[in-house]
Amino acid sequence: MLTHEQPAGVDRRTSRRRGVAAERGPAYGTGSRPGPRRQRSVVLTVLMTLPLLYSLMPLVWLVINATKSRDQLFSSFGLWFGGDFSLWDNIVEVLTYDDGIFGRWFANTLLYVVVGAAGSTLLAALAGYGLAKFEFPGRRAVLAVVLGAVAVPGAALAVPTFLLFGELGLTNTPWGVLIPLLVTPFGLFLLFSYANEAVPNEILDAARVDGAGEFRTFFTVVLRLLSPALVSVFLLEVVGAWNNYFLPLIMLNDPSWFPLTVGLNQWNSQGATADGEVVTHLVLTGSLLTIIPLVIVFLCLQRFWRAGLAAGSTKG
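1. Details of the overall build of the protein
Here's step 1: On a plain count of helices and strands, the protein comes out with 15 helices and zero strands.
Here's step 2: Counting across all 316 residues of the protein, residues that qualify as buried make up 31%.
Here's step 3: Within the protein, counting contacts between residues at least 6 apart in sequence, those at least 24 apart form 72% of the total.
Here's step 4: With the model as given, the accessible surface of the protein reaches about 20400 Å², and the carbon-plus-sulfur share is 65%.

2. A word on unusual backbone geometry
Excluding glycine, most residues fall at negative phi; most peptide bonds, likewise, are trans.
Here's step 1: Its identity as a non-glycine residue notwithstanding, Asp 99 has a phi of 60°, on the positive side.
Here's step 2: The residue Asp 99 is located in the loop between helix H4 (87–96) and helix H5 (101–133) in this model.
Here's step 3: Of note, Asn 172 is a non-glycine position whose phi angle comes to about 60°, a positive value.
Here's step 4: If you trace the backbone, Asn 172 turns up in the loop between helix H7 (158–168) and helix H8 (175–181).
Here's step 5: A relative accessible area of 31% means that Asn 172 is categorised as partly exposed.

3. A few points about helix H9 (residues 185–198)
Here's step 1: For H9, with 14 residues, the first-to-last C-alpha span of 20 Å sits near the 20 Å given by 1.5 Å per residue.
Here's step 2: Buried within H9 are the following residues: Gly 187, Leu 188, Leu 191, Phe 192, Tyr 194 and Ala 195.

4. Section: a nonpolar patch on the surface
Here's step 1: On the surface, Met 57, Trp 61, Phe 77, Leu 79, Trp 80, Phe 81 and Phe 85 cluster together to form a nonpolar patch covering roughly 800 Å² of accessible area.
Here's step 2: Tracing the backbone through its elements, the reader meets Trp 61 in helix H2 (residues 42–65).

5. Here we look at the side chain of Gln 72
Here's step 1: Along the polypeptide, Gln 72 turns up in helix H3 (residues 70–75).
Here's step 2: Residues within four places of Gln 72 in sequence aside, it is in contact with Gly 82, Gly 83, Asp 84 and Ser 86.

6. Points about the pattern of salt bridges
Here's step 1: Under the criterion given, the structure shown has three salt bridges.
Here's step 2: The partner of Arg 208 in a salt bridge is Glu 214, with the nearest N and O atoms 3.0 Å apart.
Here's step 3: Owing to a relative accessible area of 34%, Glu 214 belongs among the partly exposed residues under this scheme.
Here's step 4: Here the residues in one salt-bridge network are Asp 205, Arg 208 and Glu 214, joined through shared partners.

7. A closer look at the environment of Thr 285
Here's step 1: Examined against the element boundaries, Thr 285 turns out to sit in helix H15 (residues 280–310).
Here's step 2: On the basis of relative accessible area, Thr 285 is assigned to the buried category, the value being 0%.
Here's step 3: Once the C-alpha coordinates of Thr 285 and Ile 64 are considered, the two residues, 221 residues apart in sequence, prove to be 9.9 Å apart.
Here's step 4: Excluding residues within four positions of it along the chain, Thr 285 makes contact with Ala 66, Leu 87, Asn 90, Ile 91 and Val 94.

8. Considerations on the packing of aromatic side chains
Here's step 1: Enumeration according to the criterion identifies nine aromatic pairs in this entry.
Here's step 2: Their ring planes at 40° and their centres at 5.5 Å tell us that Tyr 129 and Phe 218 sit as a pair that is tilted. One end of the pair, Tyr 129, is in helix H5; the other, Phe 218, is in helix H11 (residues 214–225), with 89 residues separating them in the sequence.
Here's step 3: Ring geometry for Phe 218 against Phe 219: centres 5.1 Å apart, planes inclined by 85°, an arrangement best described as edge-to-face.
Here's step 4: On the basis of relative accessible area, Phe 218 is assigned to the buried category, the value being 2%.
Here's step 5: What links up through ring pairs into an aromatic cluster is the set Tyr 97, Phe 102, Trp 105 and Trp 267.

9. Some points on the packing of H5 against helix H12 (residues 227–242)
Here's step 1: For the pair H5 and H12, interaxial distance at closest approach is 9 Å and the crossing angle is 145°. With respect to the hand of their crossing, H5 and H12 are arranged in right-handed fashion. Where H5 approaches H12, its residues Phe 106, Thr 109, Leu 110, Tyr 112, Val 113, Ala 117, Ala 118, Ser 120, Thr 121 and Ala 125 are matched on the opposing element by Leu 230, Val 233, Phe 234, Glu 237, Val 238, Ala 241 and Trp 242.
Here's step 2: In terms of residue class, the contact of H5 with H12 is made up of 13 nonpolar, three polar and one charged.

10. Here's the deal with the confidence of the model for the protein
Low pLDDT marks regions whose predicted coordinates should not be analysed in detail.
Here's step 1: Looking at the protein as a whole, its pLDDT mean stands at 83, while 83% of the residues score no less than 70.
Here's step 2: Helix H1 (residues 8–24) is the least confidently modelled element of the protein, averaging 50 in pLDDT, while H5 averages 95, the highest of any element.
Here's step 3: Below a pLDDT of 50 lies the segment residues 25–32, which in the model reaches two contacts outside its immediate sequence neighbourhood of four places, other chains included.
Here's step 4: The low-confidence segment residues 312–316 (pLDDT under 50) makes zero contacts with residues lying over four places distant or belonging to another chain.

11. Thoughts on the side chain of Asn 90
Here's step 1: Along the polypeptide, Asn 90 turns up in helix H4.
Here's step 2: Those residues within four positions of Asn 90 in sequence are excluded, and the remaining contacts are Ala 66, Thr 67, Lys 68, His 281, Leu 282 and Thr 285.

Criteria and cut-off values
Residues numbered from 1 in each chain as written. Predicted model: local features only at pLDDT ≥ 70, side-chain atom pairs only at ≥ 80, totals over all residues. Heavy atoms only, no water. Helix = DSSP H or I, 4+ residues; strand = E, 2+ residues; numbered from the N terminus. Buried < 20%, exposed > 50% of the residue type's maximum accessible area, 1.4 Å probe, protein only. Contact = heavy atoms within 4.5 Å. Areas by Shrake-Rupley, 256 points an atom, 1.4 Å probe, with all protein chains shown as cover. Expected span 1.5 Å × (residues − 1). Patch = residues over 30% accessible without salt bridge, like charges linked within 9 Å, V, L, I, M, F, W, Y side chains within 5 Å. Salt bridge = Lys/Arg side-chain N within 4 Å of Asp/Glu carboxyl O. Phe/Tyr/Trp six-rings, centres within 6.5 Å; stacked < 30°, edge-to-face > 60°. Axes fitted to C-alpha atoms, helices over the stretch in contact; angles between N-to-C directions. Left-handed = near helix turned anticlockwise from the far one by under 90°. Nonpolar A, V, L, I, M, F, W, Y, C, P; charged D, E, K, R; others polar. pLDDT = per-residue confidence, 0-100.

Take a look at the structure:
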């Protein structure tokens, strides 16, 4: 019988490795890998805390000062509450001041957001899906125009849009605000990229074989596949329409069509006039009421938004 003898040095090294593995635990040296260990860094914690405080400080300041009366607002420390809690009184005064114009501004903002955000998201989905799944002459040129439009800031187009709408007689009307909101080059490009990957051609072919038309296929099949990206685009458009300020400022002269952003700025600036009333406490309380709907929308749609942002980051 033949035997194979290992050198003595090899035996000693093997025994030493086994001893170290036994001291470090049963998982060391075996086929299984130890689980990931969380590493804590004080420097990274501090670096992440500073932006958090920077983001939350204006909100904290707004909440605290919305609870103060007009006199306490200028006589107390900005980052602490005043003597009396006047939040409810301020809310009632905001809703009744100037014949309740705040409620009209809130309704106008809802109109611009619902029609503008929903319409722009639907049009971007239609255009993005069409560019991704249909071949037609000039397709590359259209994509180039869309990419170029993404790079142009909206403020640069406000004055040309005002001049164009002035010729059409659409200024000082809600159409002067709604029509520009229906165009979203970034949302179109995002949905084009998502439809390219998330909508298989086999599903579209199967729907056509079953006799479904193009619009029925889009509304019953494609929209479900695009839902994560649709929610992401919709949230971006909601925020953009809700915070829209410069375009309504130059388009509208009638206060009854103002959104909340322009209306609250009018309240804030009226104190600079000779006979204007200083209503800074109402501006702060109105600003607090303005951000509540956005917070509610984000809380309701955050799981769909996270799914849309994470789509394509994992492979299953």
